[in-house]
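Structure at a glance
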Amino acid sequence: MLNQMSKILITGGAGFIGGHVSKRLLKAGHSVRILDVLSAQVHGTIPRDLEWLQGEGIQFLRGSVTNRDDMRRALEGMDVVVHLAAETGTGQSMYEVARYCETNVSGTAILLDILANDPGRTVRRIVLASSRSIYGEGAFSCRQCQPSARVYPEARTAKQLSEGHWEHACQVCGSPLEPLPTHEDDPAKPASIYAATKYTQEDLVRVAAASLGIDYAILRLQNVYGEGQSLKNPYTGILSIFSTRIRRGLPLPIFEDGQETRDFVHVHDVAESFGAAVESVADIRTALNVGTGVKTTVEEIARHLSDAFAADANLVVTGEYRVGDIRHNFADTQRLQQVLGYSPSVDLAAGMRRFAEWVNRQALPEDRLESANAELRSHGLMGG
């Protein structure tokens, strides 16, 4: 059981999600220490709009989770660790393998190694930000031959994608498979290096926490969007990419046939979920999906976003694809409500309006989509 007011370390706390989590915890009266390297890919070469890090109740340390001295200093006297620091981006992870493993896996290992070798440790709970990507293609059913069975298809191959075979087919009867909400007990089948690092983080936290007598919560985040997300990073955040192109009057390129689906969850609901995990008076010791449970096609999200900007929906379905992308994924969120008593409250239309209003107050960033796609093509990870 935790004290009502806790001392909380947030790794990656100056980032998009970290900023919202920090402010949520500060508002509740907790003291917050942030460790963040301020990556240029996320924050720009000269980090801006970070004045809030000097606010009351915050201690900011610029440093890396891969630096043992930085991590040791950050952990001193903390009650809870919210571990958000990570390299993100499915496509980029496939050719920057060492960098993703160093930050995501080694950074987590260093954190746990320090805790394991500190007889005076004060940390009593770790809240890890994981990802829906660990499920890979997720759960499906075949309505024709096994409607009650859950099926877990393998990742789509480059050959399948190049031939435009977007949907999964039943291996028994050949009928199209129907996507199901992914449950926490469904098997992990990572289809990218990024996903593999997130699942490795989960295992490291689960095993180490059990041996050290530390409680933990693993939050598997769906597609998070909202005010404050990086508009500079072309490797993550389809809404960031699309919002820049809408403001520049450019078409929105839709991969595959536009009918791939995701579960878009607003950052307010994500921050509230982290807050509930930090403040739970009962042990958690489980993984929890954080999403809305609603699947939305990429074409639909592009139209919603265009409406939020009061712009014509200038969509171009390209038939292009990225190796490692999944076709469908949306969350079963019952456990989130059962364990933490929280259900998401921001619907998609309201979230889109909030995001668009915030974006319109920001400087117009450079459109870097083509340069990011060119990198993927050069590594054989994009076609069509």
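As a starting point, this report considers the structure included with it. (Residues numbered from 1 in each chain as written. Predicted model: local features only at pLDDT ≥ 70, side-chain atom pairs only at ≥ 80, totals over all residues. Heavy atoms only, no water.)

A few words on the overall build of the chain. Counting its regular elements, the chain contains 13 helices and 18 strands. Since a compact globule built from 384 residues should have a radius of gyration of about 21 Å, the 20 Å found for the chain is in line with a globular shape. Counting only C-alpha atoms and orienting by the principal axes, one finds that the chain spans roughly 60 × 50 × 40 Å. In the chain, which comprises 384 residues, the proportion classed as buried is 54%. Sequence-distant contacts, at least 24 apart, represent 83% of the contacts inside the chain between residues at least 6 apart. Approximately 16,300 Å² of the chain is accessible, and the part contributed by carbon and sulfur atoms is 48%. (Helix = DSSP H or I, 4+ residues; strand = E, 2+ residues; numbered from the N terminus. Rg over C-alpha atoms; globule rule 2.2 N^0.38 Å. Buried < 20%, exposed > 50% of the residue type's maximum accessible area, 1.4 Å probe, protein only. Contact = heavy atoms within 4.5 Å. Areas by Shrake-Rupley, 256 points an atom, 1.4 Å probe, with all protein chains shown as cover.)

Under the defined criterion, the tally for this structure stands at 31 salt bridges. With a shortest N-O distance of 3.7 Å, E260 and R327 are connected by a salt bridge. Of this pair, E260 sits in the loop between β11 (252-254) and β12 (261-262) while R327 sits in the loop between β17 (321-322) and α11 (334-340), placing them 67 residues apart in sequence. Of the residues examined, E260 reaches a relative accessible area of 5% and is grouped as buried. One continuous salt-bridge network, built from bridges that share partners, spans E137, R156, E167, E256, D257, E260 and R327. (Salt bridge = Lys/Arg side-chain N within 4 Å of Asp/Glu carboxyl O.)

With that settled, consider the sheet that holds strand β8 (residues 178-179). Adjacent strands of a sheet form backbone hydrogen bonds with each other and so pair up, either parallel or antiparallel. A sheet is described by the order of its strands in space; here three strands give the open sequence β7-β6-β8, paired in antiparallel fashion. Every interior strand has two partners, whereas the edge strands, β7 (146-151) and β8, have only one. Sheet analysis places strand β6 (residues 140-142) next to β7, joined by two bridges and oriented antiparallel. Each residue of the ladder has a partner; that of C142, found in β7, is Q146. (Pairing = 2+ DSSP bridges.)

For the structure shown, the criterion picks out two aromatic pairs. On the basis of an interplanar angle of 55° and a centroid distance of 6.5 Å, the ring pair of W166 and Y321 is categorised as tilted. Here W166, found in the loop between α6 (158-162) and β8, pairs with Y321, found in strand β17; they are 155 residues apart in sequence, far enough to count as distant. We note that W166, like Y321, is buried. The side chain of K295 reaches across the aromatic face of F330, ending 5.9 Å from its centre. (Phe/Tyr/Trp six-rings, centres within 6.5 Å; stacked < 30°, edge-to-face > 60°. Lys NZ or Arg CZ within 6 Å of the ring centre and 35° of its normal.)

Examined against the element boundaries, D283 turns out to sit in the loop between α9 (267-279) and β14 (286-290). Spatially, the C-alpha atom of D283 lies 29 Å from that of C101, the residues being 182 residues apart in sequence. Not counting residues up to four positions away in its chain, the partners in contact with D283 are R125 and D215.

Since the α-helix advances by 3.6 residues per turn, residues separated by three or four positions end up pointing in the same direction. Regarding helix α13 (residues 369-378), the residues found buried are L369, A372, N373 and L376. Here the buried residues of α13 occupy an arc of 100° about the axis, which is enough to place them on one side. Those residues of α13 that are buried lie in contact with α4 (90-93), α8 (238-247), β11, β17 and β18 (382-383). (Arc of directions from axis to C-beta.)

Looking now at the sheet that holds strand β5 (residues 125-131). The strand order β3-β2-β1-β4-β5-β9-β14 describes an open sheet built from seven strands, whose pairing is parallel. Looking at which strands have only one partner, the edges of the open sheet turn out to be β3 (58-62) and β14. Looking at each pair of strands side by side, their axes are set apart by 20° on average, direction ignored. Where strand β9 (residues 215-221) lies against β14, five bridges are found, and the strand directions are parallel. Bridging across to β14, L221 finds its partner in V290. (Axes fitted to C-alpha atoms, helices over the stretch in contact; angles between N-to-C directions.)

The next point concerns the side chain of H266. Within the fold, H266 resides in strand β13 (residues 264-266). With a relative accessible area of 1%, H266 lands in the buried category. Among the polar contacts made by the side chain of H266, one reaches the side chain of E227 at a distance of 2.6 Å. Residues in contact with H266, not counting those within four places in the same chain, are Y225, G226, E227, V346, G351 and R354. (Polar contact = N/O pair within 3.5 Å; in protein donor to acceptor, adjacent residues only side chain to side chain.)

Now for α8. Burial runs high along α8: eight of the ten residues are buried. For α8, every residue scored as buried is listed here: L239, S240, I241, F242, S243, T244, R245 and I246. On its buried face, α8 is in contact with β10 (223-225), β11, β13, α10 (298-308), α12 (348-359) and α13. Positive phi shows up at G249, right after α8, with a value of about 75°.

Taken by themselves, the reported measurements are silent on function.
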